[in-house]
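# Topology and contacts: notes
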Amino acid sequence: MKRTTGISLMLLIFLSLCLITFSLLSLSGATADEKLSQKTADRTTAYYEAVTQANQILSEIDTQLAAALKETADAENPAEAYLAACAEITVSEAELTWTYEDRASESGNTDTDSYLLASSGILSYDVTMADDQHLHVTLSICWPEESTDSLYQITCWKVVSTQDWTPDTSQNLYRSD
């Protein structure tokens, strides 16, 4: 019988350790990818649920704006009456914020046509997405020149983080001796 020096056994042990190490690294990478994918899917689902809710609120606002326009069409000053009626809009699911903008009097132009075109209001609301984010929607309410014109323009539709961000300043990146 020949005596072996054990090189083949050591090579077999080394290769087995390499395979075990690579399989554990692959497993940890796959686990991290699964967690990230789940977080991304949860955030995406929360975003689209918030968008759906924001669109439902927008639909209610659109209905109320159309009703306000019909009610105030015969008023002495329809634009003022319309914007006043718009300020009274309420939606049961959202807290609406109304801001009146009178750009006509700021520019010194008070004739009726300019006033109708320059007066507007800002209507905004938030829809909660997660504990630290919400969808912020801002509408610019405007007086329609024709019956086919839109009653509002969406000026802001964005996700806003409500969590405070504090940078990590604990490390000294540059030492001056």
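What follows is about the overall build of the chain. For the chain, the helix and strand inventory stands at four helices and four strands. If you list the helices and strands of the chain from N to C, you get α-α-β-α-α-β-β-β. Counting over 177 residues, the chain shows a buried share of 27%. Within the chain, counting contacts between residues at least 6 apart in sequence, those at least 24 apart form 52% of the total. For the chain, the accessible surface area stands at approximately 13200 Å², while carbon and sulfur atoms represent 53% of it.

Next up on the list: the pattern of salt bridges. Pairing is possible between side chains of opposite charge, provided their charged atoms come close. Applying the stated rule across the entire model yields one salt bridge. Two residues, R43 and D132, come together in a salt bridge whose shortest N-O distance is 3.4 Å. Taken together, the residues R43 in helix α1 (residues 7–71) and D132 in the loop between β2 (119–130) and β3 (133–142) connect sequence positions 89 residues apart. Residue R43 is classed as partly exposed on the basis of its relative accessible area of 40%.

On to the confidence of the model for the chain, then. Regions with low pLDDT carry predicted coordinates that are not meant to be interpreted in detail. Of the residues in the chain, 84% reach a pLDDT of 70 or more, and the chain-wide mean stands at 83. Across residues 111–117 the pLDDT falls below 50, and counting only partners more than four positions away or on other chains, this stretch makes twelve contacts in the model.

This part is about a nonpolar patch on the surface. Among the surface-exposed residues, L9, L12, I13 and L17 lie close enough to one another that they form a single nonpolar patch of about 410 Å² accessible area. With respect to the helices and strands, L9 occurs in helix α1.

Attention shifts here to the nonpolar core. Counting residues in hydrophobic clusters, the biggest one holds 27 residues, and the most contacted among them are I61, L65, Y82, Y125, L139 and I141. Among the secondary structure elements, those contributing two or more residues to this core are α1, α2 (78–87), β2 and β3. Dropping the residues within four chain positions of it, L65 is found in contact with Y82, C86, I89, I141, L151 and Y152.

Turning to α2, a few remarks are in order. Of all the residues in α2, the buried ones are P78, A79, Y82, L83 and C86. The buried residues of α2 occupy one face: seen down the axis, they fall within an arc of 125°.

For the rest of this paragraph, the subject is the side chain of S140. Take S140: it is sitting in strand β3. Here S140 falls in the buried class, since its relative accessible area comes to 13%. What S140 contacts, discounting residues up to four positions off in sequence, is S120, G121, I122, L151, Y152, Q153 and T155.

Calculation criteria
Residues numbered from 1 in each chain as written. Predicted model: local features only at pLDDT ≥ 70, side-chain atom pairs only at ≥ 80, totals over all residues. Heavy atoms only, no water. Helix = DSSP H or I, 4+ residues; strand = E, 2+ residues; numbered from the N terminus. Buried < 20%, exposed > 50% of the residue type's maximum accessible area, 1.4 Å probe, protein only. Contact = heavy atoms within 4.5 Å. Areas by Shrake-Rupley, 256 points an atom, 1.4 Å probe, with all protein chains shown as cover. Salt bridge = Lys/Arg side-chain N within 4 Å of Asp/Glu carboxyl O. pLDDT = per-residue confidence, 0-100. Patch = residues over 30% accessible without salt bridge, like charges linked within 9 Å, V, L, I, M, F, W, Y side chains within 5 Å. Core = buried A, V, L, I, M, F, W, Y, C linked by side-chain atoms within 4.5 Å. Arc of directions from axis to C-beta.

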